[in-house]
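Below, each chain spelled out in residue letters.
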Amino acid sequence: MSAAAEAKPIPLIFETGQPGRANAYFRNGRGAEEFLPASALRDDLPLPDNSELDVVRHFTRLSQRTFSIDTGFYPLGSCTMKYNPRINEAMAAQPGFRDLHPFAPTDLAQGALQTMYELERTLSGIFGMAQFSLNPAAGAHGELAALLMAKAYFRKRGEGATRTTVVVPDTAHGTNPASAAMVGYKVVSLKSDSRGRVGVDELKKALGPDTAVCMMTNPNTLGLFEDHIHEIARAVHEAGGLMYYDGANANALMGNSRPGDMGFDLMHLNLHKTFSIPHGGGGAGLGPVGAAAHLVEYLPTPIVVKRGGDGYAFEFDKPDSIGPMRSFWSNFAHVVRALTYICANGGEGLKEISQLAVLNANYVRAQVKEFLDTPYDETCRHEFIASAQRLKRDTGVRALDIAKALLDRGYHAPTIYFPLLVPECIMIEPTETESKETLDGFVAALREIVELAHTDPQKILDAPINTVVGRIDETRAARQPDLRWWPPRA
Ligand SMILES: Cc1ncc(COP(=O)(O)O)c(C=O)c1O
């Protein structure tokens, strides 16, 4: 992030430019009207008239004012902000992949279909599912798809009207109850036990003939493995419900244990987390939804199948499918990126990645607990929780202030105030791709901030001072975002 001295406001692209500048570098006098039909030309759009160089500089400067995984450490818990290897981009940019038209006939797109097929088969193997659909565009979209599938499954069994509730532990990401509510389910929230996990007895009280689905994240968002997962799955199945696995934390277990073996019937993955795809890069992410054998028929279409000597084909003819979740086939460039990552690491490599992610989290946790409370004080998985509750009481410095002070020191803030059950929560996920030096630097910055909170809290309360934008009204920014420019009204 730029230093304050460089933080002069950048004018909007609409506020710069002069009539005629747009063609500054093309002097042959030929304009768009020479190449485009008159019907495609418009002169009523309030577009700025800038030179190409001005536009390039404008957007390059803006890009330098933001924070990215390529510029600094990004310990955003539950988001798995790992390095996105450049080979992924090189493969996705191969002309055969990049230039393929979504309407290309399948016999001219066999390589692309094979890529989708192989990713699907590989994910099914890694996570112990019978089949995945690569159709959903994000984690929450995968959740929605899975719950629609559950609904279709119960409807077909004649239980559509009676199975009306979805059990969601209080450690779950907010998208879990939101997805359940969107599908029309009533959400039953489950309080975690003193170990930060789902208690089997408490769960059994929440289950009944109305239970449709139990949504679990494992390891959960406290970074703790749900060690009673087999008993939990058994209880849900005995009640006639389905087990749903939120795979956002799959970076902690990939190659080491499989949701299918734990008893899950449905799951989603966030390939933009675990499988090193840029978050938001090139559009949305990719949130494949997976199913055990008894639910495969409900998966979103299309699914790529291998037809012996006839090659690969899209399968649309699935009468019980919930149908497509989005346009076209998938976020295809992300399919290429994820498969590249898998091939570049191999089975043993993926297993080691998870183990290193867990090791890094525990390395940071062991040091952070020297100066911040870590409420669940045990070996964590790929992320852990600290709390600034005591610090706030003693000094007035809150988790939010710590996050802002980290920005000043060149680190992206960790996730804060989530999960909601830990007051002044700070959720740190270092990932496996960070070096020991980076982790040590981060811990040193955090330690210095906490020490300063005790000696000179105002310095932390005033943070950030080195960023382009200082403190903002967080509530207004979230509830009333004003992100676009409007032309001045006549
Ligand atoms: C545990 C968990 N579940 C679900 C999601 C939703 O995933 P997405 O942001 O891809 O929609 C997230 C996102 O951070 C998450 O952390």
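Residues numbered from 1 in each chain as written. Predicted model: local features only at pLDDT ≥ 70, side-chain atom pairs only at ≥ 80, totals over all residues. Heavy atoms only, no water.

**Student:** Report on the packing of aromatic side chains, specifying residues and quantitative values.
**Tutor:** As enumerated under the stated definition, the model contains 16 aromatic pairs in all. For the pair tyrosine 411 and phenylalanine 442, a centre-to-centre distance of 5.5 Å together with 75° between the ring planes defines the contact as edge-to-face. On the criterion of sequence distance, the pair formed by tyrosine 411 in the loop between helix H13 (399–408) and strand E11 (415–416) and phenylalanine 442 in helix H14 (residues 436–455) is long-range, its members being 31 residues apart. Per residue, the accessibility class of tyrosine 411 equals that of phenylalanine 442, and both read buried. Ring pairs connect the aromatic residues Phe103, Phe314, Phe316, Phe328 and Trp329, which therefore count as one cluster. (Phe/Tyr/Trp six-rings, centres within 6.5 Å; stacked < 30°, edge-to-face > 60°. Helix = DSSP H or I, 4+ residues; strand = E, 2+ residues; numbered from the N terminus. Buried < 20%, exposed > 50% of the residue type's maximum accessible area, 1.4 Å probe, protein only.)

**Student:** Mind laying out the pattern of salt bridges, listing which residues take part and the relevant values?
**Tutor:** Inspection of every chain in the model, using the stated rule, returns 27 salt bridges. Residue glutamate 89 is joined to arginine 337 by a salt bridge in which the shortest nitrogen-to-oxygen separation is 2.9 Å. Taken as a pair, glutamate 89 in helix H2 (residues 86–92) and arginine 337 in helix H11 (residues 332–368) lie far apart in primary sequence, 248 residues in all. Among the residues examined, arginine 337 registers a relative accessible area of 10% and is labelled buried. Note that aspartate 377 is salt-bridged to arginine 365, the shortest N-O span being 3.2 Å. Note that aspartate 377 is positioned in the loop between H11 and strand E10 (384–387) and arginine 365 in helix H11, a separation of 12 residues in sequence. With relative accessibility at 9%, the residue arginine 365 sits in the buried group. Among the charged side chains, a network of salt bridges with common partners joins Arg195, Arg197, Asp227 and Glu378. (Salt bridge = Lys/Arg side-chain N within 4 Å of Asp/Glu carboxyl O.)

**Student:** Pulling in residues and values, what's your account of the domain arrangement of the chain?
**Tutor:** Splitting the chain by domain gives domain 1 (88–343) and domain 2 (351–479). Counting residues at the interface gives 26 residues for domain 1, matched by 20 residues for domain 2. Interface area for domain 1 against domain 2, summed over the two sides, is near 1,700 Å², with a carbon-plus-sulfur share of 58%. Our enumeration of links across domain 1 and domain 2 arrives at one salt bridge. When the shortest N-O distance is used, the salt bridge between glutamate 378 and arginine 197 registers 2.9 Å. (Domains from an automatic or database assignment. Contact = heavy atoms within 4.5 Å. Buried area = accessible area lost by both parts, 1.4 Å probe.)

**Student:** Tell me about the nonpolar core, residues and numbers included.
**Tutor:** Soluble, globular proteins show a tendency: their nonpolar side chains are buried together. Core analysis: the biggest nonpolar cluster contains 53 residues, and Leu119, Leu123, Phe127, Leu203, Met243, Leu271 and Phe275 have the highest contact counts within it. Secondary-structure elements contributing two or more residues to this core are helix H4 (110–127), helix H7 (200–206), strand E4 (211–217), helix H8 (229–238), strand E5 (242–247), strand E6 (266–269), strand E9 (312–315) and H11. Per element, the largest residue contribution to this core is nine residues, and it comes from H11. The contacts of phenylalanine 275, once residues within four sequence positions are left out, are Asn88, Leu123, Ile126, Phe127, Met254, Asn270, Ala338, Tyr341, Ile342 and Leu350. One finds Phe73, Ile426, Leu439 and Leu446 within the second-largest nonpolar core, a separate group that totals 30 residues. (Core = buried A, V, L, I, M, F, W, Y, C linked by side-chain atoms within 4.5 Å.)

**Student:** Lay out the sheet that holds E11 with the relevant residues and their values.
**Tutor:** Hydrogen bonds between backbone groups are what pair the strands of a sheet, and the pairing can be parallel or antiparallel. Taken together, three strands build an open sheet; the order of strands is E10-E12-E11 and the sheet is antiparallel. Either end of the sheet is taken by a strand with one partner, and the two such strands are E10 and E11. Against the sheet, H11 touches E10 and strand E12 (425–428), its axis set at about 20° to E10. (Pairing = 2+ DSSP bridges. Axes fitted to C-alpha atoms, helices over the stretch in contact; angles between N-to-C directions.)

**Student:** Can you break down H14 residue by residue, with the values?
**Tutor:** Between its first and last C-alpha atoms H14 spans 28 Å; for 20 residues at 1.5 Å apiece the expected length is 28 Å, and the two agree. For H14, the complete set of buried residues consists of Leu439, Phe442, Val443, Ala445, Leu446, Ile449, Val450, Leu452 and Ala453. The elements touched by buried residues of H14 are H11, helix H12 (389–395), H13, E12 and helix H15 (457–461). (Expected span 1.5 Å × (residues − 1).)

**Student:** How would you explain the packing of H4 against H11 if you had to name every residue and give the values?
**Tutor:** To characterise two packed helices, one gives the angle between the axes of the helices and the distance between these axes. Interhelical geometry of H4 versus H11 gives an angle of 45° and a closest axis separation of 10 Å. Looking at the two axes, H4 sits oblique to H11. Taken as a pair, H4 and H11 cross one another with a handedness that is left-handed. Residues Ala112, Thr115, Met116, Glu118, Leu119, Thr122, Leu123 and Ile126 of H4 form the contact with H11, whose own contacting residues are Phe332, Val335, Val336, Ala338, Leu339, Ile342 and Leu350. Within the contact of H4 with H11, the residues separate by chemical class into 12 nonpolar, two polar and one charged. (Parallel < 35°, antiparallel > 145°, perpendicular 65-115°, else oblique. Left-handed = near helix turned anticlockwise from the far one by under 90°. Nonpolar A, V, L, I, M, F, W, Y, C, P; charged D, E, K, R; others polar.)

**Student:** Talk me through the site of the ligand; I want residue IDs and the actual numbers.
**Tutor:** Neighbouring the ligand are Ser78, Ala138, Gly139, Ala140, Glu143, His173, Thr175, Asp246, Ala248, Asn270, His272 and Lys273. Note that an oxygen atom of the ligand is positioned 2.7 Å from one of the side-chain N or O atoms of lysine 273. Protein contacts shield 86% of the accessible area of the ligand, which totals 390 Å² for the unbound molecule. Those elements giving two or more residues to the shell around the ligand turn out to be helix H5 (139–156) and helix H10 (271–274). Per-element tally for the shell around the ligand: the top contributor is H5, with three residues. Here the residues of the shell around the ligand sort into three nonpolar, six polar and three charged. (Near = heavy atom within 4 Å. Polar contact = N/O pair within 3.5 Å; in protein donor to acceptor, adjacent residues only side chain to side chain. Areas by Shrake-Rupley, 256 points an atom, 1.4 Å probe, with all protein chains shown as cover.)

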